[in-house]
Structure formats: structure tokens, C-alpha cells
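# Results of the structural survey
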Amino acid sequence: MSLLNETLDFLANQPGLLVRSAGSQLLLSAAAVGVATAVSLPVGMITGHLRRWSFLAISSANIARALPTLAIIAIGISLWGIGFLNIMIALVVLAIPPILTNAYVAVSTIDHTMVEGARGMGMRWWQVLARVELPAAVPLIVAGIRTASVYVIATAYLASFAGTNATLGSVITNEGHYGLAGVLAATIVIVVLAFAVEGLLGALQYALTPRGIRLTRRLAEARAVDMSRQEKETVSTS
Amino acid sequence: MSAPLTVLAGGPGGGPVIPQFGSSNGCVANTSALFCPDWVTSNWGSVLEPALLQHIELSLIAVGIGLVIALAAAVLAFHNGWFSRGFTGIAAIWYTIPSLAFFELFVPVTGLGTLTIEIGLVGYTLLVLFRNTLEGLRSASPDMISAATGMGMTPWQAFFRVNVQLAVPAIVAGIRVATVTTISLATIAAYISPLGLGKPILQAIQDSFNTELIAAGGLTILLALVADGLLVLAERAITPWQRLGRR
């Protein structure tokens, strides 16, 4: 009980520290997810569109998924030093797999009859891409970004091991100074942040889903839930 | 970054390392050296190997216990939608808790040691193992179940011989993700009690010792990749019918 009281006290007395750390943790996470999206969306979508080199896209996602974050930070310290760049690279590696596999699956599983119908209506390839393929793929793509965001927000506190004290990791890795109550308060803030971002991106995903596709949305969601399952599915659809 | 005295094993051409060059003391004493193979060979038995073995043990136990819990929970959830939602909710919240914070918060309850670490690691495996298993169990179509019943199977026989059988690929896919996640999170556990490969990694971060950073970090990455690769092979071995379905 006393831990709970102390935690509430901490939340009430240290709003400056918590808000500042949470803010920079969010910024760091957004930057990492942004870079990961910029890298993996084109790769996933192009390989999905061509339905070729899928092995390459899926395998690189699987390898990236296997890389332990703390090990990347450690090797990074020896190769490119401590600081922002170090944690950034580790978080980008963490965020790439779900975004890449979802982008690939989203584009490669688009109903071919839809594309052919659009071509039959006289659309050029860029019109097919912009008005048929992209809207159909967007929900799954956003689902991948959503999964990645939750991973990254829950892991960004490792910045403290990479030599930057900007995140809530500064509280979590300093139990000696802030006490167990501080750790619990920081944890609560991170869990709330993760769920808030997941909810927001979920709403975005819903808003970006074309009305016709919303009908089959549940089906697509089930596909997006897990990247590991997608691997199986891409095998069966290839 | 300048690392003028970098010593690479074997040299770029694969030639032998000149014995006098980069003797253990000279290389380790030089703080800007990127990698000293001598340090690795002389510390393999005392530092790296025990840490590697501990890490494998920690991860195996965590994935094993997580799998037993997740399988039991998924069988229950398959027959009970309410339980399914409850379990998914708890596992999803657990998944967003920063692992280090979880370990710290459990130390007062379960002590500084393996038990605390294993509880945390098991918890992080549950979400993916449970979700994959349940999804796999649900992948049997009603037609398949009617066919099984028509062949004279009891409902439980149909469940074990159709649903469970069809769930195997999804379960193995889940084990792959759970295993690499566990190997990753176990490194962080060393912050609480010095076990596994996290111990040399954290030590090296504290000392800014390049050789140990690369050796311990590289060993952890290698372990994760090998474990993932072995599970892919295992998946192919126990689900030969999957390959027939390709193309």
C-alpha cells in the first residue's frame, strides 16, 4: 500500500521531470518510427507490388527482428559512440520488421481482380497505384506502424544505456535515487503513452480505411496482428 | 572515430596474425583499439562461455514455461471467448511494461535472482505464444471438423487431431518470436542480477571497453540468429506438408 501512496506522491510532486522525460521519449520514438517507415515502406511496397524478392524482404525483416536491442547498443558504442545516434539506430532496427512485413503483405495480398478492374476502366499504372492499391493497402500499413510504435515506446528507455538521459530511462535506471516509487511512476507513464499512441494510430487506421474495405476490415486486421503469422501467409500466397 | 591500432584476426588476406603484434596487454591497454582477439581467447573460458551457457539456460527455461502456460491458456480460450479477451488484455499490458522496470518492481516480491528474471521473461513470451496458438487452433474450417466427426472422431479427438495439428506452424512461428525476444530481454535482466550475456555487455558499457562490447554484443546477436535458424529448421522438419503447399 505504501508503495502505491509513494507512487502517487511521486506522480504529483515530480510532474516536471516525468513530463519532460516522457516528451523526449515520445520525440525519440517518433523519430525512430519515422526513419524506420521511410526505410521499410518503399522496400516492402515495391517487393509486394512486384511480388518478387519477397524472400529478401521477409528474411531481412526476420533477421532484424532477431537482433537484441542491448547488443546493438553495445556494438554501437564501440563503432559509432554513445549518444542520440546510438539509441536511434537500435530503435530503428526494432521498428523495421513489423513495418516492412506489413507493407509487403498489404500490397502483395491486394485482390488482383480489383487491379484488373481498374485497368479495364482505363486507369494508368500510377492511377491504379494511387487510387486502388494504396487505399487498399493503407490499413495494414498503419497497423504495422502501430505495432512498431508500441515496441519502440516500451524500449526507448534503453537510451540510458546508450549514454543519453533524455528518456524515462533516466528514472528507471536510477532506482537508487528515485526509489521504487519513481520506477513505478515512470512505468505507468510509459504504459499509458504506449496505449495512447496505439489508440490514436488505431483511430487513424480506421479513418484511412476506405468504406468498402471496412466491411472486410476484420479479416485484414486478423492478418496484421502478428508479423510471424504473416510469414506463413506470404508463403501460402506466393 | 580513430582506431589506428585495430587488430583483426587473420588479417584481411586471411594470413596469420603476427605473434608479436598486438600482444594482449598492449592491445587491451590501448583504449582506442577496436577489437583485441587476444582478450577474447584469454577471457573466453572465464567470462564469455559461462555467460553464454547461462543465457541459453535462462532463455530455454523462460520459453519452455511460457509455452506450457500459453498452450494451456489457448486451449481454454478456444472454448471460452471471455477468457480469451481477459488473457489477451493482461498479456498486452505486460508487453508494454519496460522490462527493466518490471524486474526492479518484482525484486522486493521475489528477490534478487533467477526467479524474478524468469517471471519477467515468461510474461513477455505469453502474448505472442498465446495469440499464435489460438489463431492456429481457429484455422481449422468447420468443414474439416464435420469431416473428422463424420469419420467417427469424438469432439476431443477432432480437437487434438485436427485443430491442434493445424496449429503447429503458427505455434512454431510464435516460438521463434518468443525466443528471440527472450534472448534480447534476458540481456537487460543482468542489470538486476549479473547473469547471462547481459553481464559482460553491461560491464563493457560501464568500462567503455570496445573489445568486450563487440565480443559480448556479437555473441548475443549470434545466439539469437542461431536460435532463430534452428527453429526454422525444426519447423520444416515437423510440418513437411507445408512445403508441398508452396507454389
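The preceding data block contains the structure.
### What about the overall build of chain A?
Within chain A, the regular secondary structure consists of 12 helices and 0 strands. When the helices and strands of chain A are placed in sequence order, the string is α-α-α-α-α-α-α-α-α-α-α-α. Relative to its full complement of 238 residues, chain A shows a buried share of 54%. Long-range pairs, those at least 24 residues apart, make up 77% of the contacts in chain A between residues at least 6 apart in sequence.

### A closer look at the interface of chain B and chain A
Where interface size is given, it is often the accessible area lost as the parts come together that is meant. If you look at the interface, chain B gives 45 residues, while chain A gives 40 residues. Here chain B meets chain A over a buried area of about 3800 Å², counting both sides, of which 71% is carbon and sulfur. When residues of chain B are sorted by the area they lose upon contact with chain A, Thr 96, Glu 104 and Leu 105 of chain B head the list and together hold 15% of the total. Seen at the junction of chain B and chain A, the total is 0 salt bridges. Across the contact surface, chain B and chain A share 4 residue pairs in polar contact (both at pLDDT 80 or more). Looking at the side of chain B that touches chain A, the elements that each hand over two or more residues are helix H3 (81–96), helix H4 (99–110), helix H5 (114–137), helix H7 (155–189), helix H8 (198–207) and helix H9 (210–238) of chain B. For the side of chain B that touches chain A, the per-class residue count stands at 28 nonpolar, 10 polar and 7 charged.

### Things to note about the packing of aromatic side chains
All names here are of chain B. Summed over the entire model, instances satisfying the criterion amount to 16 aromatic pairs over all chains. With 6.5 Å between their ring centres and 65° between their planes, Tyr 95 and Tyr 124 make a pair best called edge-to-face. In this pair, Tyr 95 is assigned in helix H3 and Tyr 124 in helix H5, connecting sequence segments 29 residues apart.

### Structural notes on helix H4 (residues 69–80) of chain A
Look at H4 of chain A: 15 Å from first C-alpha to last across 12 residues, which is about the 16 Å you get at 1.5 Å a residue. Looking at the packing, one finds that the buried side of H4 of chain A touches helix H5 (84–108) and helix H7 (125–155) of chain A together with H7, H8 and H9 of chain B.

### Notes on the packing of helix H3 (residues 54–66) of chain A against H7 of chain B
With their axes 8 Å apart at the nearest point, H3 of chain A and H7 of chain B run at an angle of 40° to one another. What the angle tells us is that H3 of chain A and H7 of chain B run oblique. Between H3 of chain A and H7 of chain B, the residues in contact are Asn 62, Arg 65 and Ala 66 of chain A and Arg 176, Val 177 and Val 180 of chain B, respectively. Considering only residue class, the contact of H3 of chain A with H7 of chain B consists of 3 nonpolar, 1 polar and 2 charged.

### Topic: the packing of helix H6 (residues 142–150) of chain B against H7 of chain B
Residues and elements named next belong to chain B. H7 packs onto H6 with a crossing angle of 145° between their chain directions and a minimal axis gap of 10 Å. Viewed along their axes, H6 and H7 form a crossing whose handedness is right-handed. Along its contact with H6, which presents Met 144, Ile 145 and Ala 148, the element H7 presents Ala 158, Val 162, Asn 163 and Leu 166. Split by residue class, the contact of H6 with H7 holds 6 nonpolar, 1 polar and no charged.

### Some words on unusual backbone geometry
Unusually for a residue other than glycine, Ser 208 of chain B sits at a positive phi of about 50°. Within the secondary structure, Ser 208 of chain B is located in the loop between H8 and H9.

### A closer look at the side chain of Thr 179 of chain B
Mapping Thr 179 of chain B onto the fold places it in helix H7. Ignoring any residue separated from it by four or fewer positions in sequence, one finds Thr 179 of chain B in contact with Val 63, Ala 227 and Leu 231 of chain B.

What counts and what doesn't
Residues numbered from 1 in each chain as written. Chains lettered and ligands numbered in written order. Predicted model: local features only at pLDDT ≥ 70, side-chain atom pairs only at ≥ 80, totals over all residues. Heavy atoms only, no water. Helix = DSSP H or I, 4+ residues; strand = E, 2+ residues; numbered from the N terminus. Buried < 20%, exposed > 50% of the residue type's maximum accessible area, 1.4 Å probe, protein only. Contact = heavy atoms within 4.5 Å. Buried area = accessible area lost by both parts, 1.4 Å probe. Salt bridge = Lys/Arg side-chain N within 4 Å of Asp/Glu carboxyl O. Polar contact = N/O pair within 3.5 Å; in protein donor to acceptor, adjacent residues only side chain to side chain. Nonpolar A, V, L, I, M, F, W, Y, C, P; charged D, E, K, R; others polar. Phe/Tyr/Trp six-rings, centres within 6.5 Å; stacked < 30°, edge-to-face > 60°. Expected span 1.5 Å × (residues − 1). Axes fitted to C-alpha atoms, helices over the stretch in contact; angles between N-to-C directions. Parallel < 35°, antiparallel > 145°, perpendicular 65-115°, else oblique. Left-handed = near helix turned anticlockwise from the far one by under 90°.

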